[in-house]
Amino acid sequence: MQQITKVKALRSCVRDWHQQGQSVALVPTMGNLHVGHLQLVKQAKELANKVVVSIFVNPTQFVAGEDFDTYPRTIEDDLVHLQGIEPDLIFIPDVDEVYPAGLEGETQVLVPELDGIFCGAFRPGHFTGVATVVSKLLNMVQPDTALFGNKDYQQLLVIKRLVTDLCIPVEIVGVETVREKSGLALSSRNRYLSPQEKEVAAELHQALSGIAEAVKQGSEDYQRLEADAIAHLENKGFKTEYLSIRNASNLGEPTGEELVVLAAAWLGKARLIDNIQIRR
Ligand code: PAF
């Protein structure tokens, strides 16, 4: 398990693999790895001959007042976790390597249709930061495949869209959310939940599951389903930013057979997001 911090060395390694006819998968992460990330790496190993995991806490996707400074940086533990799965290369660049011209006035990647809605409305600029760093990582590694968790559903759509629009030759794969037994989606930010809050947190998944089931059974009163679920969550102590049933491919109006119900809600100090895809 080779560790590399510089783009030049990374490129040379990946070029050698490609010349040998090996396919390459990238799993971008911000570290603080949990079982959900390890699942991405396992799936990457099934899809490609060589797997690169990047660990980079990207400053540009944190909005003012968010937890960039305190975001858990647990590189030693991350490497121990990865040793069990053995990706081929860990890319751990510093900020200057990823943003060589600095963070002010850098070129940005904006996906306008998805940037300012749902999570983007509450975290202005977040998806531009994500789209920019993912574009950079894809250009640095030049993988055949890149894997992302379905939990960050809007992020996944942003990345699929930028890859299409910028003609980046990579297949983007969304990987199923890993959950605790209670249904709570694994997330690095679950560490902000107290043990009691963690029990309550599972209500978010339950509320989304209830809606998914009702829609599958034929309910089309989406506004009522949304309002009832929000009222239930608020009653349990959540502060809901949004909870909405939308078209699964573009988060537009909920038409067509493929829908998604997605939500973001605060519980104590933790901002939780989750979603369920629904096929009608
Ligand atoms: O999902 C994440 O961990 C991050 O948003 C990503 C995709 C690694 C970009 O920094």
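Anything mentioned here points back to the structure above.
Described below are features of the structure shown in this document. (Residues numbered from 1 in each chain as written. Predicted model: local features only at pLDDT ≥ 70, side-chain atom pairs only at ≥ 80, totals over all residues. Heavy atoms only, no water.)

**Regarding unusual backbone geometry**
Positive phi, close to 50 degrees, is recorded for Asn32, a residue that is not glycine. With respect to the helices, strands and loops of the structure, Asn32 is situated in the loop between strand E2 (24-29) and helix H2 (35-47). On the accessibility criterion, Asn32 (10% relative accessible area) is buried. Look at Leu251: it is not a glycine, yet its phi comes out positive at around 60 degrees. (Helix = DSSP H or I, 4+ residues; strand = E, 2+ residues; numbered from the N terminus. Buried < 20%, exposed > 50% of the residue type's maximum accessible area, 1.4 Å probe, protein only.)

**Considering the pairing of strand E7 (residues 239-247)**
The two faces of a sheet get side chains in turn, since along a regular strand they alternate between them. Counting buried positions along E7 yields eight of nine residues, so the element is predominantly enclosed. Note: E7 against strand E8 (residues 258-267), eight bridges, orientation antiparallel. Of the residues in E8, the one forming a bridge with Arg246 is Val260. (Pairing = 2+ DSSP bridges.)

**Here we look at the pattern of salt bridges**
Scanning all chains against the criterion turns up 17 salt bridges. A salt bridge links Arg189 to Asp67; the nearest nitrogen and oxygen atoms lie 3.1 Å apart. One end of the pair, Arg189, is in the loop between strand E6 (171-175) and helix H9 (195-216); the other, Asp67, is in the loop between strand E3 (50-55) and helix H3 (75-83), and 122 residues separate them in sequence. Asp67 sits in the buried class, given a relative accessible area of 14%. (Salt bridge = Lys/Arg side-chain N within 4 Å of Asp/Glu carboxyl O.)

**Observations regarding the sheet that holds E7**
In space, the three strands of this open sheet follow the order E7-E8-E9, with antiparallel pairing throughout. Whereas interior strands pair on both sides, the edge strands pair on one side only; in this sheet they are E7 and strand E9 (270-279). When strand polarity is set aside, the average angle formed by the axes of neighbouring strands in this sheet is 10 degrees. This element, H9, spans E7, E8 and E9 of the sheet and lies at about 20 degrees to E9. Each of E7 and E8 is contacted by helix H10 (residues 222-235), which is oriented at about 155 degrees to E7, the strand it contacts most. (Axes fitted to C-alpha atoms, helices over the stretch in contact; angles between N-to-C directions. Contact = heavy atoms within 4.5 Å.)

**Digging into the packing of H9 against H10**
At a closest axis distance of 10 Å, the pairing of H9 and H10 adopts a crossing angle of 160 degrees. The orientation of H9 relative to H10 falls into the category roughly antiparallel. Of the two elements, H9 crosses H10, and the hand of that crossing is right-handed. Residues Glu203, Leu204, Ala207, Ile211, Ala214 and Val215 of H9 touch H10, and the partners they reach there are Tyr222, Leu225, Glu226, Ala229, His232 and Leu233. Along the lines of polarity and charge, the residues of the contact of H9 with H10 split into nine nonpolar, one polar and two charged. (Parallel < 35°, antiparallel > 145°, perpendicular 65-115°, else oblique. Left-handed = near helix turned anticlockwise from the far one by under 90°. Nonpolar A, V, L, I, M, F, W, Y, C, P; charged D, E, K, R; others polar.)

**Quick look at the site of the ligand**
With respect to spatial proximity, the complete set of residues near the ligand consists of Pro28, Thr29, Met30, Asn58, Gln61, Val133, Phe148 and Gln155. Between Gln61 and the ligand, the recorded distance is 2.6 Å, taken from a side-chain N or O atom to an oxygen atom. Residue Gln155 places a side-chain N or O atom 2.7 Å away from an oxygen atom belonging to the ligand. Contact with the protein chains covers 88% of the free accessible surface of the ligand, which is 290 Å². The residue makeup of the shell around the ligand, split by class, is four nonpolar, four polar and no charged. (Near = heavy atom within 4 Å. Polar contact = N/O pair within 3.5 Å; in protein donor to acceptor, adjacent residues only side chain to side chain. Areas by Shrake-Rupley, 256 points an atom, 1.4 Å probe, with all protein chains shown as cover.)

**Brief notes about the environment of Gly174**
Summarising the element assignment, Gly174 is placed in strand E6. Note: C-alpha distance between Gly174 and Gly102 (72 residues apart in sequence) is 31 Å.

**With respect to the side chain of Glu203**
For Glu203, the position within the fold is in helix H9. Leave out the neighbours within four places in its chain, and Glu203 touches His232, Leu233, Lys236 and Phe238.

**Re the nonpolar core**
Membership of the largest hydrophobic core comes to 47 residues, with the highest contact counts inside it found for Leu10, Val52 and Phe91. Listed by contribution, the elements that provide at least two residues to this core are helix H1 (7-19), E2, strand E4 (89-91), helix H7 (126-141), strand E5 (145-149), helix H8 (153-165) and E8. Looking at this core, the element that brings in the most residues is H7, giving nine residues. Dropping the residues within four chain positions of it, Val52 is found in contact with Leu10, Trp17, Val24, Ala25, Leu26, Val27, Leu89, Phe91 and Val141. Judged by nonpolar contacts, the second largest core, of 26 residues, contains Leu208, Ala212, Val261 and Ala270. (Core = buried A, V, L, I, M, F, W, Y, C linked by side-chain atoms within 4.5 Å.)

As far as function goes, none of this settles anything; it's purely spatial.
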